[in-house]
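The chain contents come next:
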Amino acid sequence: AQKITQTQPGMFVQEKEAVTLDCTYDTSDPSYGLFWYKQPSSGEMIFLIYQGSYDQQNATEGRYSLNFQKARKSANLVISASQLGDSAMYFCAMRERGTGNQFYFGTGTSLTVIP
Amino acid sequence: GAVVSQHPSWVICKSGTSVKIECRSLDFQATTMFWYRQFPKQSLMLMATSNEGSKATYEQGVEKDKFLINHASLTLSTLTVTSAHPEDSSFYICSAEEGSGISNEQFFGPGTRLTVL
């Protein structure tokens, strides 16, 4: 089974609007971490936000917030006030304590911000 | 955040030649480095994990004799694509982390685009 599932291959959002990028995960390990990365067309992977499985509150980093619903095993990324520079690929990733350092990446969502 | 560099950023080579890609952590000691491969519009595929001074651990389906990884120091890992063929053309990305733990962020290099003619 896929560890990380991103069901939206492509998304469009109007500039200044908010957008939610979906991510569901599959694990039986009670201790895990969830990450979101942004990959612009230049190729570099940019860390956005992290959520630990034991964190009580949803993580927030500036315009990024993570809607963590543990029972549903979802970790959706919310980008508020979209900017043209937000157009990129977005990857959800997970790491489990039991499998050590390995990151499991989703297939990504391509976000296009429309002026 | 921490900086990881990769060199070269792009390379074009003839079929049958070998290509070496360097990955350096510039401002921290990387206990573990990772090598990924990414095809266009696809996700990152982990190829191998390397720890300084020990042999790399390759993912299933990745030929270790084809993709040689050397983690010579805490700041340098190299990936050598031996006898490259056109199907090896891809975007190769390294990442590095200091210490361990599930909350540890992996710092990614800018990637190397390999084209084999």
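Shown above is the structure to which this text applies.
One structure accompanies this document, and this report is about it.

If you roll a probe as big as a water molecule over the atoms, it shows you where there is empty space left. Reported here for the largest pocket is a volume of approximately 400 Å³. Forming the boundary of the largest pocket are 20 residues, of which Phe-105 of chain A together with Ser-43, Leu-44, Met-45 and Leu-46 of chain B lie nearest the centre. When contributions to the lining of the largest pocket are tallied by element, the ones reaching two or more residues are strand E11 (104–105) of chain A together with strand E4 (32–38) and strand E5 (44–51) of chain B. Of all the elements, E5 of chain B adds the most residues to the lining of the largest pocket, at three residues. Approximately 330 Å³ is the volume attributed to the second largest pocket. Every residue lining the second largest pocket is counted, 17 residues in all, and those nearest its centre are Gln-39 and Met-89 of chain A together with Gln-38, Pro-40 and Lys-41 of chain B. The residue inventory of the lining of the second largest pocket, partitioned by class, reads seven nonpolar, eight polar and two charged.

Scanning the model with the defined rule gives two disulfides over all chains in all. Each sulfur of the disulfide joining Cys-23 of chain A and Cys-92 of chain A lies 2.0 Å from the other. Its S-S torsion of about -65 degrees marks the bond between Cys-23 of chain A and Cys-92 of chain A as left-handed, since a negative value means left-handed. Of this pair, Cys-23 of chain A sits in the loop between strand E3 (19–21) and strand E4 (24–25) while Cys-92 of chain A sits in strand E10 (residues 88–96); the two residues are 69 residues apart in sequence, bridging distant segments of the chain. The residues Cys-23 of chain A and Cys-92 of chain A share a single accessibility class, namely buried. Two residues, Cys-23 of chain B and Cys-94 of chain B, share a disulfide whose sulfurs are 2.0 Å apart. With the S-S bond torsion at 80 degrees, the cross-link from Cys-23 of chain B to Cys-94 of chain B turns out right-handed.

A few words now on the pairing of strand E8 (residues 64–69) of chain A. Residues and elements named next belong to chain A. What you see with E8 is a clean split: Tyr-64, Leu-66 and Phe-68 sit on the buried side and Ser-65, Asn-67 and Gln-69 on the side with no burial. Where strand E7 (residues 60–61) lies against E8, two bridges are found, and the strand directions are antiparallel. Considered in E8, the bridge of Glu-61 is made with Tyr-64. Between E7 and the antiparallel strand that follows it, E8, lie two residues; Gly-62 among them carries a positive phi value of about 60 degrees. Bridge count between E8 and strand E9 (residues 74–79): six bridges; the pairing is antiparallel. Residue pairing across strands places Tyr-64 opposite Ile-79, the latter belonging to E9.

The interface of chain B with chain A comprises 22 residues on the first partner and 22 residues on the second. Note on chain B versus chain A: buried area summed over both sides is about 1700 Å², and carbon and sulfur give 56% of it. Applying the counting rule to chain B against chain A returns one salt bridge. Measuring nitrogen to oxygen at the nearest pair gives 2.8 Å for the salt bridge that ties Arg-95 of chain A to Glu-97 of chain B.

So, how was this worked out
Residues numbered from 1 in each chain as written. Chains lettered and ligands numbered in written order. Predicted model: local features only at pLDDT ≥ 70, side-chain atom pairs only at ≥ 80, totals over all residues. Heavy atoms only, no water. 1 Å grid on protein atoms, 1.4 Å probe; cavity = no way out; pocket = protein on both sides within 12 Å on 5 of 7 lines; lining within 4 Å. Points joined across faces, edges and corners; volume = space filled by probe spheres on them. Helix = DSSP H or I, 4+ residues; strand = E, 2+ residues; numbered from the N terminus. Nonpolar A, V, L, I, M, F, W, Y, C, P; charged D, E, K, R; others polar. Disulfide = S-S within 2.5 Å. Buried < 20%, exposed > 50% of the residue type's maximum accessible area, 1.4 Å probe, protein only. Pairing = 2+ DSSP bridges. Contact = heavy atoms within 4.5 Å. Buried area = accessible area lost by both parts, 1.4 Å probe. Salt bridge = Lys/Arg side-chain N within 4 Å of Asp/Glu carboxyl O.

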